[in-house]
Amino acid sequence: MADSGPGFSEDTRRRLFEPFFSTKPEGMGLGLSLCETLLTRLDGRIEASHHAPRGAVFTIHLPLAPA
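This report concerns the structure included in the present document. (Residues numbered from 1 in each chain as written. Predicted model: local features only at pLDDT ≥ 70, side-chain atom pairs only at ≥ 80, totals over all residues. Heavy atoms only, no water.)

Another point: the layout of surface pockets. By volume, the largest pocket amounts to about 440 Å³. What lines the largest pocket is a set of 21 residues, and nearest its centre among them are Leu16, Thr23, Lys24, Leu32 and Phe58. Mapped by element, the contributors of at least two residues to the lining of the largest pocket are α2 (31-41) and β2 (56-61). Its residues assigned to classes, the lining of the largest pocket comprises nine nonpolar, nine polar and three charged. (1 Å grid on protein atoms, 1.4 Å probe; cavity = no way out; pocket = protein on both sides within 12 Å on 5 of 7 lines; lining within 4 Å. Points joined across faces, edges and corners; volume = space filled by probe spheres on them. Helix = DSSP H or I, 4+ residues; strand = E, 2+ residues; numbered from the N terminus. Nonpolar A, V, L, I, M, F, W, Y, C, P; charged D, E, K, R; others polar.)

Moving on, we come to the environment of Pro6. Its place among the elements puts Pro6 in the segment before α1 (10-15). The class for Pro6 is exposed, based on a relative accessible area of 74%. Sequence separation between Pro6 and Gly55 is 49 residues, and the spatial gap between their C-alpha atoms is 5.3 Å. (Buried < 20%, exposed > 50% of the residue type's maximum accessible area, 1.4 Å probe, protein only.)

Among the nonpolar cores identified, the biggest contains seven residues, and these are Phe8, Leu16, Phe17, Leu39, Ile46, Ala48 and Ala56. Apart from the residues within four sequence positions on either side, Phe17 is in contact with Leu32, Ser33, Glu36, Ile46, Glu47, Ala48 and Phe58. (Core = buried A, V, L, I, M, F, W, Y, C linked by side-chain atoms within 4.5 Å. Contact = heavy atoms within 4.5 Å.)

Overall, the coordinates contain one aromatic pair when judged by the stated rule. Aromatic pair Phe8 and Phe58: ring centres 6.4 Å apart, planes at 55 degrees, arrangement tilted. Of the two residues, Phe8 is situated in the segment before α1 and Phe58 in strand β2; the sequence distance between them amounts to 50 residues. Exposure remark for Phe58: the relative accessible area of 25% places this residue in the partly exposed category. (Phe/Tyr/Trp six-rings, centres within 6.5 Å; stacked < 30°, edge-to-face > 60°.)

Together, Leu38, Leu42, Ile60 and Leu62 make up an exposed nonpolar region whose accessible area comes to about 410 Å². Mapped onto the elements of the fold, Leu62 is located in the segment after β2. (Patch = residues over 30% accessible without salt bridge, like charges linked within 9 Å, V, L, I, M, F, W, Y side chains within 5 Å. Areas by Shrake-Rupley, 256 points an atom, 1.4 Å probe, with all protein chains shown as cover. Salt bridge = Lys/Arg side-chain N within 4 Å of Asp/Glu carboxyl O.)

See the structure below:
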């Protein structure tokens, strides 16, 4: 999913999934940390990247379910 917001710096991208890290004054900083924890437990992962010229892209990878 991509958005057209202000995006984030490389330093911020490195910290996005840390518990209690937030770029918002009222943020708790748990949302992306919880997403990463859940996806890791499902053998998946989440990635964040800059979406030029503005915004961010979050990509979720999950393994295929057994047939």
